[in-house]
Amino acid sequence: MHKSKYIIWFFILIIVFSIFTNEYSFAQEDKDSKKTVYLVVVNKYTLEDISHMPKLKKIIDEGSIGLMNTKGLYGYKGPESFLTINSSKKAYTTDEGAKAYNLNENNIEVYERRIAPIEGSYEVGNTNLNKILEYNKENTYMPYIGALGDSLHEANLKTAIFGNADTIDKVYRPSSLIPMDSKGLIDFGNVDGVLVEDGESPYGFRTDYDKLIKEIGKVKDESSLIVIETGDLDRLSFYSSELTDEMFEKHRTEILYRIDEFLGNFTKEIDKDNSLFIILSPNSGEERIQNSKLSPVIIWGHNVPKGILTSSTTRRDGVVTNIDIAPTISSFLNTSRDNMSGNIIECKKSIENLQFILNSNGRIDIVSKSRFYLLNIYSILSIIVMLFVTIVLALKIKIKDNLYKMLKIFLIAIGVIPIGFLVASFGKWDTYTKFILTLLFSIVAFIFIIYNLKVKNKAILISGLIYGIIIVDMFSGGNLSRYSVLGHDPAIGARYFGLGNELVGVFLGATTVFLSMNLNRGGNKFISYILLVLSAIVVGHPKLGANVGGSISIVFALLYFIMESLDREMSLKKILSMGILTILFVVAMAFIDIKFNPNPTHLGKTIMMMSSDGSNIANNIAFRKILMNIKLVGSSIWAKALYVNIFCQVLIFTVLEDKIRDIFNKNKYLFIGFVSSIVGSIVGFLVNDSGIILAGLSMNLIMVFFIYTVMEYLANE
C-alpha cells in the first residue's frame, strides 16, 4: 500500500481522537457584583472529624466536597504546602518563612530594612520573604511567589488574613503565605492579637473565634479574599507528645467542637449569593488519627451545588490539588491566572457526596499504601522466575512432564499478574484484606483459565489481553487504572489520569509482542500498523494516556517495527527520520491539547510557557527528569530487574545461539517485536523522569514472553 495512505490514516485517527471535550460546568460569574472569597484553614483535620461536626456536615450538605493532594515541593507537612497554594506551583519554605506580623512601627522598620520600602497601606507583612525567595531559587518548578496576592492587587482588590498557629516558643503563621503578594504584603488583618487565655487548652491559650468574626466583619466589605487561620489543631499537634491518648482525644474533641461552632456562626455572616466559602487543610491529616496524605476540601457558596469536586488537573471525580485553589479563587474574582499552573475547581452534582468521598478515600488509601509492596513483590517474583528458567535453559535440562508444567505456570503467572493488577479494580473492596483477596483471586483465576485453555500460543493470548484491556480502559475513562497499583496514585500527586510510566511499560511490552506474534501467524500487516499508530495515540493523546515521554518511546518503537517489517535497512538517516517523525507526533498532540482542550494538560501548558521562556523551562524539565532517573537507578527494584533481564538475555543468547537463531528465522516478526521493545524501552528510559520503571516493566514482559517461546520450542523438539 502506498505511503500516503499510511499518512492519511495517521492524521484521520489523530483528528477523530481530538474530539474528546467532556468538561463539567462551573457557573460564570457576574463581573459587576461585589464578590468575596473566604478561605478557612482547619489544618490537620480529617474526613473522620466531619462526623463529629454537625455544622460542617450541614455546609457539606449544601455544598461540594473533595480530597486535596497537599504536597509541596518535598512533602505534605509544614508551610511549603501553604506557599504552594499561593504560587499554584510546587514551592518550598521552612517554618522561618511562615513569620508574618502586624505592621506596627517596629515591624515596618524590620520589613523595610530587609525587603523594601512599603508603598501604600498594608496591615500585615512577611519579614522573612527573602528566605522564601532563596529557598526557591533552584526550584525547577519555577514558582511565582505571591502569585495569588499579585493577581488580586493587579485588579485593585484587597486581601486579608486573621489568626495564627503560634505556640509558647514558636511564631507560626503559615496561612499568611496564602493571600500575600510577591512583596509579602497583605492589605488587612490581625495575626498577633487573636488568642485568648484558656488553661485547659494546649499551651494555655486558643484562638478567640468571637474576636475573629468581629474583626472580619470590619473589613469584609473592602476585602475580596479573606483567609482565616483557626490554628488550634496545629497547636494540638505540636503539643501532642506531651499528651496521653485519652487527653489528646479530649482536647481534639473540644477543639473540633469550637471550630464547628465558629463555622456555623460564620456562615450566617456571609452573603452566600456573592461569596465563595472554602474550608481546607493545606497539610495532610493529623498523623495520630490517620496517615492519608489527602485532606478534605469543602466549597460552599454562590451556584455551588451539593456535589463532589474535580478539576482538569486531576480529571478525577472527588480529587483536586493544592495548586488548583489559587486559580479557583482568581476565576471567581475574575482576576488573572497568568502565573498559575493549576486549574479551576469544578463541582459535579452528587446526592451522596460525603459518602462518595469517604469510599474514594478508603480505596485510594488502600492502593497507595500497598502499591510499593505489591510492585516490589511482582518484580522479585519476576527476577526469581527469569533466573530459574534461564538456568534451566542454559544447563540444557530436558524440559518435559512436571518441570515443563511448572515452568509454564511460572511464566504464565508473571505475564498474568499485570492483568490481575488491573481487573482487581472491578472489586467492591473497602478494606486492605478484601483488596488483597480480590487481587489474589483475579490472578489465580486468570492463571487457571489461561493454563487450561486449548490455545497453542499462550504468549499471544496474554499479551493480547493486556493490550485490549488497556485500550478499552483508556477509552472508557480509565476506570481500571484508577484503583490499580499500576495506575496513578493521587496521594503521591505525580499523575492523576491517563497512563503512568508503569502502565506505559506494560503496554509497550504487550503491544510489541502481541502485534509481532500476530504477524507471525499471518495477520494483516496494514491492520497491525494501524493498531501500532492507535497505540501511540492512546498513550500520547491529551484526552487519553497523556504521557509525553511514554508516547515518544512507543512512537520510536512502532517506527522501528514498521521499518524493519518493511525490510528497510537501518541507517543514520533513517534514525534521524524516526526522530523527526516522533517530534511531529508530539507537536500534533500539543496542538490538539492547546486547540481542543479548554484546560490543557502538562504538555500544552509546557509548550505555551516555552514560547516565552523556552530555554529555562526545557532545562528545568530535563534536569528534573535526569535527577529522578539517577535516584531511581540507585534505589528502584526495577533497576535490579532490568539488570537481571540483561544478564538472562546475554546468557540465553550465548548458550543457545543456534536455537535462538532458528527461532528468529522461523519467527521473523517476533525478532522485530523483541528489538522494537528494547528500542522503545531505551528511549523511554532516556526521556522519562521515572524511565527506569517504564524500561524495567517493558523488558520484564518481553523477556517473559521470549523465554516462554524458547521453552516451548525446546519442549517440542
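Residues numbered from 1 in each chain as written. Predicted model: local features only at pLDDT ≥ 70, side-chain atom pairs only at ≥ 80, totals over all residues. Heavy atoms only, no water.

K.L.:
How should the overall build of the protein be read in this particular structure?
P.N.:
In terms of regular secondary structure, the protein is built from 24 helices and 15 strands. Buried positions account for 59% of the 717 residues belonging to the protein. Within the protein, contacts between residues separated by at least 24 positions form 76% of all contacts whose residues are at least 6 apart in sequence. Looking at the protein as shown, the accessible area adds up to about 29800 Å², and 59% of this sits on carbon and sulfur atoms. (Helix = DSSP H or I, 4+ residues; strand = E, 2+ residues; numbered from the N terminus. Buried < 20%, exposed > 50% of the residue type's maximum accessible area, 1.4 Å probe, protein only. Contact = heavy atoms within 4.5 Å. Areas by Shrake-Rupley, 256 points an atom, 1.4 Å probe, with all protein chains shown as cover.)

K.L.:
What am I meant to see in the pattern of salt bridges here?
P.N.:
Opposite charge on two side chains permits them to pair, given that their charged atoms come into close proximity. Applying the stated criterion to the full structure yields 24 salt bridges. Residue D192 pairs with R173 through a salt bridge whose shortest N-O separation is 2.5 Å. Within this pair, whereas D192 is found in the loop between β7 (188–190) and β8 (195–197), its partner R173 is found in the loop between β5 (158–162) and β6 (185–186), the two being separated by 19 residues in sequence. For D192, a relative accessible area of 30% puts it in the partly exposed group. Residue K369 is joined to D365 by a salt bridge in which the shortest nitrogen-to-oxygen separation is 3.4 Å. In this pair, K369 and D365 are both assigned in helix α12 (residues 353–394), four residues apart and thus about one turn of the helix distant. In the salt-bridge network here, residues are joined through shared partners; they are K44, K77 and E287. (Salt bridge = Lys/Arg side-chain N within 4 Å of Asp/Glu carboxyl O.)

K.L.:
Please clarify how the packing of helix α16 (residues 501–520) against helix α24 (residues 691–715) should be interpreted in this entry.
P.N.:
Each packed pair of helices is defined by two parameters, the angle between the axes and the distance between the axes. Contact geometry of α16 with α24 gives a least axis separation of 7 Å together with a crossing angle of 30°. As far as their axial angle goes, α24 and α16 are roughly parallel. Once α16 is placed against α24, the crossing between them reads as right-handed. For the pair α16 and α24, the contacting residues are N501, E502, V504, G505, V506, L508, G509, A510, T512, V513 and M517 in the first and I693, L694, L697, S698, L701, I702, F705 and T709 in the second. Looking at the contact of α16 with α24, its residues break down into twelve nonpolar, six polar and one charged. (Axes fitted to C-alpha atoms, helices over the stretch in contact; angles between N-to-C directions. Parallel < 35°, antiparallel > 145°, perpendicular 65-115°, else oblique. Left-handed = near helix turned anticlockwise from the far one by under 90°. Nonpolar A, V, L, I, M, F, W, Y, C, P; charged D, E, K, R; others polar.)

K.L.:
Which parts of the structure should I look at to understand the nonpolar core?
P.N.:
A general tendency of soluble globular proteins is for nonpolar side chains to be buried together. One finds L56, L263, F266, F277, I279, L393 and F421 to be the most contacted residues of the largest nonpolar core, which totals 162 residues. Ranked by residues supplied to this core, first place goes to α24 with 17 residues. Discounting chain neighbours no more than four positions away, the residues touching F421 are L374, L375, Y378, L439, S484, V485 and L486. With 43 residues, the next largest nonpolar core counts A91, A100, L148 and V304 among its residues. (Core = buried A, V, L, I, M, F, W, Y, C linked by side-chain atoms within 4.5 Å.)

K.L.:
In this structure, what is going on with the sheet that holds strand β3 (residues 100–102)? I would like to understand it.
P.N.:
Picture the strands of a sheet paired through backbone hydrogen bonds; they go either parallel or antiparallel. Read across the sheet, three strands follow the order β3-β4-β6 without closing on themselves; strand pairing throughout is antiparallel. Each end of this open sheet is capped by a strand with a single partner; those strands are β3 and β6. In terms of strand pairing, strand β4 (residues 124–126) meets β6 through two bridges, oriented antiparallel. In the sheet register, G125 faces β6, and the bridge partner there is L185. (Pairing = 2+ DSSP bridges.)

K.L.:
For this particular structure, what's the right way to read helix α14 (residues 432–452)?
P.N.:
Since the α-helix packs 3.6 residues into each turn, any two residues three or four apart lie on the same face. A rise of 1.5 Å per residue sets the reference length of α14, with its 21 residues, at 30 Å; its end C-alpha atoms lie 30 Å apart and thus fit the reference within 8%. The set of residues buried in α14 consists of F435, L439, S442, I443, I447 and I450. Burial along α14 is one-sided: seen end-on, the buried residues are contained in an arc of 125°. What points out from α14, more than 90 degrees from its buried face, is the exposed set T433, L437, F441, V444 and F448. Along its buried surface, α14 packs onto α12, α13 (401–423) and α15 (458–475). (Expected span 1.5 Å × (residues − 1). Arc of directions from axis to C-beta.)

K.L.:
Hey, could you run me through the environment of L185 in this one?
P.N.:
Positionally, L185 belongs in strand β6. C-alpha of L185 to C-alpha of Y111: the two residues are 74 residues apart in sequence and 9.9 Å apart in space. In this structure, L185 is in contact with L103, Y111, I118, Y122, V124, G125, H153, P179 and M180, ignoring residues within four places of it in sequence.

K.L.:
I tried to follow the pairing of strand β12 (residues 294–301) on my own but got confused; where do I start?
P.N.:
The side chains of a regular strand alternate between both faces of the sheet. Counting buried positions over the eight residues of β12 gives eight, a clear majority of the element. Side-chain alternation along β12 places L294, P296, I298 and W300 on one buried face and S295, V297, I299 and G301 on a second face that is also buried. Both strand β2 (residues 64–69) and β12 contribute to a ladder of six bridges, which runs antiparallel. What sits directly across from I65, in β12, is I298.

K.L.:
Can you help me understand the packing of helix α3 (residues 54–62) against helix α10 (residues 245–268) in this one?
P.N.:
At a minimum axis separation of 7 Å, α3 and α10 run at an interaxial angle of 45°. With respect to their mutual orientation, α3 and α10 come out oblique. Where α3 approaches α10, its residues P54, K55, L56 and I59 are matched on the opposing element by D260, E261, L263, G264 and T267. The residue inventory of the contact of α3 with α10, partitioned by class, reads four nonpolar, two polar and three charged.

K.L.:
How should the packing of aromatic side chains be read in this particular structure?
P.N.:
One pair of aromatic rings is described through two measures. These are the centre distance and the angle between the planes. Under the defined criterion, the tally for this structure stands at 24 aromatic pairs. Here Y38 and F266 contribute two aromatic rings whose centre-to-centre distance is 5.4 Å and whose plane-to-plane angle is 85°, an arrangement assigned as edge-to-face. Of this pair, Y38 sits in strand β1 (residues 36–41) while F266 sits in helix α10, and the two are 228 residues apart along the sequence. The pair formed by Y38 and F266 is uniform in burial state, with each residue classed as buried. (Phe/Tyr/Trp six-rings, centres within 6.5 Å; stacked < 30°, edge-to-face > 60°.)

K.L.:
What is the right way to read the side chain of N343 from this model?
P.N.:
The residue N343 is located in the loop between α11 (325–333) and β15 (345–349) in this model. Of the polar contacts made by the side chain of N343, one reaches the side chain of T313; its length is 2.9 Å. (Polar contact = N/O pair within 3.5 Å; in protein donor to acceptor, adjacent residues only side chain to side chain.)

K.L.:
Just checking my understanding: could you explain the environment of Y669 for this structure?
P.N.:
Of note, Y669 is situated in helix α23 (residues 668–687). Judged by relative accessible area, which is 13%, Y669 ranks as buried. As for Y669 and V513, which are separated by 156 residues in sequence, their C-alpha atoms are 9.1 Å apart. When residues no more than four places from it in sequence are discounted, the contact partners of Y669 are S516, L519, N520, K525, F561 and S565.

K.L.:
How should I be thinking about the confidence of the model for the protein in this particular structure?
P.N.:
Low-pLDDT stretches of the model should not have their predicted coordinates read in fine detail. Summarising the model, the protein shows a mean pLDDT of 84, and 89% of its residues fall at 70 or more. For residues 15–30, every residue scores under 50 in pLDDT, and the model assigns this stretch 34 contacts once sequence neighbours within four places are set aside. In this model residues 617–624 is a low-confidence stretch, pLDDT under 50, and it forms twelve contacts with partners more than four residues away in sequence or in other chains. (pLDDT = per-residue confidence, 0-100.)

K.L.:
Honestly, a nonpolar patch on the surface in this entry has me stumped. Any pointers?
P.N.:
Among the surface-exposed residues, F372, Y373, I377 and L381 lie close enough to one another that they form a single nonpolar patch of about 430 Å² accessible area. Looking at the element boundaries, I377 is found in helix α12. A residue is classified by how much of its surface remains accessible, and I377, at 46% relative accessible area, is partly exposed. (Patch = residues over 30% accessible without salt bridge, like charges linked within 9 Å, V, L, I, M, F, W, Y side chains within 5 Å.)

K.L.:
Just to check I follow, could you spell out the environment of L103 for this structure?
P.N.:
Position of L103 relative to the elements: it lies in the loop between β3 and α5 (105–114). Assessed through its relative accessible area of 12%, L103 is described here as buried. Measuring from C-alpha to C-alpha, the distance between L103 and G125 comes to 6.2 Å, with 22 residues separating the pair along the chain. In this structure, L103 is in contact with I108, I118, Y122, E123, V124, G125 and L185, ignoring residues within four places of it in sequence.

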